[in-house]
Amino acid sequence: MKINKRLILLLLIISSLRLSAQDGSPSPYSYFGLGDTSFSGNAENMSMGGLSVYTDSLHYNINNPASLSRLKLINLTLGMNNRFIKMQDNSGSNWFSSHYLNYFALGIPIGKKAGVGFGLLPETTSEYSVYSKNDIGINTSKSSGGMSRLFLAGSYKIIKGLSLGLEYQYHFGYLQHEYIWAPNNVLTYTKENNSVDVSGSTFKLSADYIYQLPKQKYFKTHVNHQLSTNLNASSIGYLRLIKLHSTGSEEIVSNTDKPNKKGKILLPSISEFGLGYGKKNKYFIGLDFSYVQMKDFKNKFYDPSFITYKDAYAVKFGGMYQPEYNSITSYLKRVSYRAGFYYKNTGLNLYGTDIKDFGITFGLGLPSLKSFSNLNLGFEIGQRGIQTQKLVKENYFNVHLSFSLNDLWFIKRKIN
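Keep in mind the model is a prediction, meaning the values are calculated, not measured. (Residues numbered from 1 in each chain as written. Predicted model: local features only at pLDDT ≥ 70, side-chain atom pairs only at ≥ 80, totals over all residues. Heavy atoms only, no water.)

Broken down by element type, the protein carries two helices and 18 strands. A globule of 416 residues ought to have a C-alpha radius of gyration of about 22 Å, and the protein, at 24 Å, matches this closely. Counting only C-alpha atoms and orienting by the principal axes, one finds that the protein spans roughly 80 × 45 × 40 Å. The buried share among the 416 residues of the protein stands at 47%. Within the protein, contacts between residues separated by at least 24 positions form 66% of all contacts whose residues are at least 6 apart in sequence. As displayed, the protein has an accessible area near 21,000 Å², and 60% of this comes from carbon and sulfur atoms. Between the mean site of the 46 positive side-chain charges and the mean site of the 27 negative ones, the protein shows a separation of 13 Å. (Helix = DSSP H or I, 4+ residues; strand = E, 2+ residues; numbered from the N terminus. Rg over C-alpha atoms; globule rule 2.2 N^0.38 Å. Buried < 20%, exposed > 50% of the residue type's maximum accessible area, 1.4 Å probe, protein only. Contact = heavy atoms within 4.5 Å. Areas by Shrake-Rupley, 256 points an atom, 1.4 Å probe, with all protein chains shown as cover. Lys, Arg positive; Asp, Glu negative; His and termini not counted. Charge placed at Lys NZ, Arg CZ, Asp CG, Glu CD.)

On to the pairing of strand β16 (residues 353-367), then. Side chains on a regular strand alternate between the two faces of the sheet. Here strand β15 (residues 336-350) runs beside β16; their pairing, made up of twelve bridges, is antiparallel. When the bridges of β16 are listed, L350 appears paired with T353. Between β15 and β16, which follow one another and run antiparallel, lie two residues, and Y351 among them has a positive phi close to 55°. What sits between the antiparallel neighbours β16 and strand β17 (residues 374-384) is a turn of six residues. (Pairing = 2+ DSSP bridges.)

On average, the protein scores 87 in pLDDT, and the residues at 70 or more come to 92%. In this model, residues 14-22 is a region of pLDDT below 50 whose contacts with residues beyond four sequence positions or in other chains number 19 contacts. Under a pLDDT of 50 for its full length, residues 411-416 has, in the predicted model, one contact with residues more than four places off or in other chains. (pLDDT = per-residue confidence, 0-100.)

It is worth spelling out the pattern of salt bridges at this point. Opposite charge on two side chains allows them to pair when their charged atoms are near. For the structure shown, the criterion picks out eight salt bridges. Ionic pairing is found between E123 and R149, a salt bridge with its closest N-O pair at 2.9 Å. Placement of E123 in strand β4 (residues 114-133) and of R149 in strand β5 (residues 137-159) is noted, with a sequence separation of 26 residues between them. One continuous salt-bridge network, built from bridges that share partners, spans D36, R384 and E394. (Salt bridge = Lys/Arg side-chain N within 4 Å of Asp/Glu carboxyl O.)

Okay, structure coming up:
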């Protein structure tokens, strides 16, 4: 009965995750490519600048498949994200927000040397709308949709300290762009709509190594490489001329369906390397570097002349400190304190300007009083883009929340 209740909970979580993924990114930068990246790591890792190199035996690090073999307990993790953005251009500034479930994953240890995991997350999102008015008329541009990722991973410890991992990823979703042009003093306007469905799969290769030092200290390193793949894509669309009546009703004067198109969208490869130093259950400090071959990205279904793509990279630095993980006299000594920062060149170039992203992070890991489960809170303050005549500067504040539930499922009790 206990297991059945948990399986029902998993189904509810997956259903709610798919529904919540509809609330996408309001950022204008989500209008390009495949949308705005909505997942960059577990809440506990994001609190350390987004480090992927940090792992432990209680948390399933979704960005590091090889770490699954280090799990000691089954770990169910669910993350949520609340994003608040101040967008500023030459005409002024406005605040926007988005809220969504960020990931769901389950990691299961198998013996002392192996582990498996699976999960679902919204990978990119877009829910952008911009309205502009001039002496000629009114322009409205909108985008919606995004891409999700279903993944299944496994890890095995081949020798002491070294674990290898493999993750299968299935990407799927849709992207929709809508453009409306309404000239002044004319009772008709045009609406153009384009929608692209995408799907495809790829693999991530992963290696994780720990070199033990005296007094429970250690060096740690990891390498990830996600293979590039060609996503299957198909598009539909239409062009309509719409007439406005004095009563407020609308009439479609002409409706032209665009021919269906099929093709490929290249999802670029991603390489990541991390290095860190720490003491078990006490502290950790690390550095990650990732590289994305964005210059190879192609989307023939939406390719304006003012967009170019370049290879992207990110540098992440952070760490954690836990005063006394097994303290029985002070709860605050059992809390994990985390902080870090990151710098990203996103690979997106608009009107000849590279779009860059910088942020600082901090957070807390709040342990349960009666189990190994915990609640993780993370905070992120950053800036993306610059303010020019054609570009927008974003100042954002993100609140990450995750539940990490640990238990010994499927273990037969010896005492009833």
